[in-house]
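The chain contents come next:
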Amino acid sequence: MERLKVNLLGIELSNPVIPASGTFGYGREFAELYDINILGTFSFKGTTLHPRLGNPLPRIAEAPAGMLNAVGLQNPGVDRVIAEELPALARIFHKPVMANVSGFSVDEYAETCRRLDACVQVGWLEVNISCPNVHGGGMSFGTDPAMAAAVTRAVKAVTTKPVIMKLSPNVTDIAAIARACADAGADGLSLINTLMGMRIDLRTRRPVIANVTGGLSGPAVFPVALRMVYQVARAVDIPVIGMGGVASAEDVIEMMLAGATAVEVGAANLVDPFACKKIIEDLPGVMDRYGIERLDKWR
Amino acid sequence: MRQVIYTIVENTPLTANVYRMRLRGDTSAIVAPGQFINLQIGGLYLRRPISVCDWDGDGLTIIYKVVGKGTEALSGMAPGEALDSLSGLGNGYDLTCAGESPVLIGGGVGVPPLYGLAKRLMRQGRAVTVCLGFNTASEVFYEDAFRALGCEVRVSTVDGSHGAKGFVTAILPEHPTHYYACGSEPMLRAVFKALPCSGQLSFEARMGCGFGACMGCTCETIAGYKRICRDGPVMRKEELIWNA
Ligand SMILES: Cc1cc2nc3c(=O)[nH]c(=O)nc-3n(C[C@H](O)[C@H](O)[C@H](O)COP(=O)(O)OP(=O)(O)OC[C@H]3O[C@@H](n4cnc5c(N)ncnc54)[C@H](O)[C@@H]3O)c2cc1C
Ligand SMILES: Cc1cc2nc3c(=O)[nH]c(=O)nc-3n(C[C@H](O)[C@H](O)[C@H](O)COP(=O)(O)O)c2cc1C
Ligand code: FES
């Protein structure tokens, strides 16, 4: 449908709805449920240079209107993703996919992105800078403008694909991090990643999550995410992808009103595997209700 | 997997805090005993996984213990109410490995999925022994239901108030051809140690999705990391790394 189309950094999306990294695997489970080609694109599971086993269990906890996760970036490593997941994906998904990349040093980010740069299926690189920097005392890359800029520059140097820096909300001034990434050459920004949280089990008096802390997502974070998207969209001149608690077509429109060019949907896919399909189907009706003709030029 | 809106037709207590719920609706996604459904419960964000106890063309039975907010809310639901569910999740037990005289071993709310399994193994003409372990007499359920299927039923309670005194490992048959187990991890480990024959064990984990998308539930096996929700919940004894 023409009126749902948006352009994300030079690539046309049939609609602005993008399942978020870590909630859609590499697409296979959902392809059994519906034709995933109805999506704008999707962001695949956070991929690192080397395979990662992730954190001990439990990794998941309930939260009011949301959930905590501490999966710990379990993934098979970039080489197996390229050798196995992407060929399998090619059979079920015929659009450019967004490659989500994580790392624990600047060199690791750059090397993973360099390898993914060679993949024709990859349309965009989404660089998750919420990870701890092992050479920087474990502080997250996304909490320091200089470190965020260093990752941006290193990744930009090894790829011709559009680079989207995915920002952490666990900072005092997200606009400052956003500007640092934009100044360092980022093509776009996406936000928010999960908000750090925790739960304690009253019976055992111990944290529910084995890792002690976990990332909060789901509807609980939507107003926080929306505020941050709004601040960032005003601070930079590059496109912004909004996410955090999006669960309906109305939420998508609200994110776009705050300044987002496209919108990612995370935890909602886990509790309702058809969430993105329903949102896409609901969009035209919601646009009619609020007098929105097209999604590309209306703000 | 299939999303199904089930209608509650019965929700009755079997013990002080264990309930049996019968649901009417599409069961076409359920293909093996040991699979589970993932229920959306009002007021909670994440779905709650519960094993299929038994099923037929019209609906299914679940048995659950009240342990927290979700199962508490479930116990308050009435016949006629609807339950949004992801149905037919997980792999379930493989019946082809049973041999002539399999043993089914369940502890507490690990017992329910063994009922659907016992029913199907009996239909195949196997000599099924069922060993059920509980804490105390007041917590025992489904002993007679298994007997009505024609199984040999043995019960143990930790305090000896009903059946043999002690853990379920005290009442296991000598030479079963294969075992099927479901219960707490300590129980599974004890069974794993006690029985030399081949077996299948059903595991639990806190789940984000229940269908393999989030990596919230993985466990290590000899064949690498597996998702309990999708590659399990039933694992073969031979693939566990407990041997070490
Ligand atoms: C594949 C599978 C099949 C299951 N089948 C059954 C069944 O047939 N009958 C039954 O009574 N229960 C079953 N469970 C356990 C059931 O899912 C939990 O008891 C339920 O999710 C608790 O929800 P709650 O909101 O009441 O408790 P919460 O408030 O979430 O937690 C209360 C307590 O329950 C425990 N718990 C929470 N979630 C889980 C979980 N997913 N697995 C294990 N323990 C948990 C926690 O340790 C906590 O102490 C199964 C679990 C899995 C993974
Ligand atoms: C189970 C789970 C795993 C996630 N894994 C990743 C990941 O690998 N990489 C990443 O950049 N974000 C990851 N995220 C964050 C989401 O992509 C998203 O930024 C966040 O959850 C906020 O959106 P939501 O509220 O719609 O879930 C994960 C989130 C969840 C719930
Ligand atoms: S619970 Fe999500 S992968 Fe198993």
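Residues numbered from 1 in each chain as written. Chains lettered and ligands numbered in written order. Predicted model: local features only at pLDDT ≥ 70, side-chain atom pairs only at ≥ 80, totals over all residues. Heavy atoms only, no water.

## So, the site of ligand 2
Residue and element names in this part refer to chain A. So the rule is basically this: To be near a molecule or strand, a residue needs just one of its heavy atoms within 4 Å of it. Here a polar contact means two N or O atoms within 3.5 Å. Within protein one must be a hydrogen donor candidate and the other an acceptor candidate, and residues neighboring in sequence count only if both atoms are side-chain atoms. Computed by Shrake-Rupley with a 1.4 Å probe, the accessible areas treat only the displayed protein chains as cover when residues are assessed.
By nearness alone, 22 residues border ligand 2, and Ser21, Lys166, Gly218, Gly245 and Ala267 come closest of all. Lys166 has a polar side-chain atom sitting 2.8 Å from an oxygen atom of ligand 2. Residue Ala267 places a main-chain N or O atom 2.7 Å away from an oxygen atom belonging to ligand 2. Summarising the interface, the protein chains cover 97% of the accessible area of ligand 2, which totals 600 Å² for the free molecule.

## Brief notes about the site of ligand 1
Rules: Only DSSP runs of H or I covering at least 4 residues are called helices, and only runs of E covering at least 2 are called strands; the numbering of each starts at the N terminus. Each residue is assigned to one class: nonpolar for Ala, Val, Leu, Ile, Met, Phe, Trp, Tyr, Cys and Pro, charged for Asp, Glu, Lys and Arg, and polar for all the others, Gly among them. Annotation comment: domain bounds sourced from an automatic or database domain assignment.
Taken together, 20 residues form the shell around ligand 1, and within it Arg48(B), Pro49(B), Gly70(B), Thr71(B) and Glu204(B) come nearest. Residue neighbours of ligand 1 fall on chains A and B, so the site bridges chains. Contact distances for ligand 1 include 3.1 Å between an oxygen atom and a backbone N or O atom of Gly68(B). Residue Ala205(B) places a main-chain N or O atom 2.9 Å away from a nitrogen atom belonging to ligand 1. For ligand 1, whose accessible area on its own is 840 Å², the fraction buried by protein is 83%. Elements with a minimum of two residues in the shell around ligand 1: strand 4 (48-51), strand 6 (59-65) and helix 1 (69-75) of chain B. Partitioning the shell around ligand 1 into residue classes produces 9 nonpolar, 4 polar and 7 charged. Counting contributing residues, the shell around ligand 1 receives three or more from each of domain 1 (2-89) and domain 2 (95-239) of chain B.

## A look at the domain arrangement of chain B
Residues and elements named next belong to chain B. Which entries qualify depends on this criterion: Accessible area that two parts lose when put together, evaluated with a 1.4 Å probe and summed over both, is termed the buried area. Any Lys or Arg side-chain nitrogen found within 4 Å of a carboxyl oxygen on Asp or Glu counts as a salt bridge.
The assigned domain composition of chain B is domain 1 (2-89) and domain 2 (95-239). Summarising the inter-unit geometry, the C-alpha centres of domain 1 and domain 2 are found 20 Å apart. Interface area for domain 1 against domain 2, summed over the two sides, is near 1700 Å², with a carbon-plus-sulfur share of 66%. The largest contributions to the domain 1 side of the interface with domain 2 come from Pro33, Cys53 and Asp54, which together make up 26% of the buried area. Our enumeration of links across domain 1 and domain 2 arrives at 2 salt bridges. A salt bridge links Arg120 to Asp54, with the shortest nitrogen-to-oxygen separation between them at 3.1 Å. At the boundary of domain 1 with domain 2, the tally comes to 6 residue pairs in polar contact (both at pLDDT 80 or more).

## Focus: the packing of aromatic side chains
Applied cut-off: Any pair of Phe, Tyr and Trp rings, taking the six-membered ring for Trp, is counted once the centres come within 6.5 Å. Such a pair is stacked with planes under 30 degrees apart, edge-to-face with planes over 60 apart, and tilted for the rest. When a residue's accessible area, from a 1.4 Å probe over protein chains only, is under 20% of the maximum for its type it is buried; when over 50% it is exposed; and in between it is partly exposed.
A complete count under the given rule lists 15 aromatic pairs over all chains for this structure. Pairing Tyr109(A) with Phe141(A) gives two aromatic rings, centres 5.2 Å apart and planes at 85°, and the pair type is edge-to-face. One end of the pair, Tyr109(A), is in helix 3 (residues 106-117); the other, Phe141(A), is in the loop between strand 7 (122-128) and helix 4 (145-156), with 32 residues separating them in the sequence. Given a relative accessible area of 0%, Tyr109(A) falls into the buried group. For Phe141(A), a relative accessible area of 0% puts it in the buried group. Ring pairing ties together the aromatic residues Phe24(A), Phe30(A), Phe42(A), Phe93(A) and Phe211(B), which thus form one cluster.

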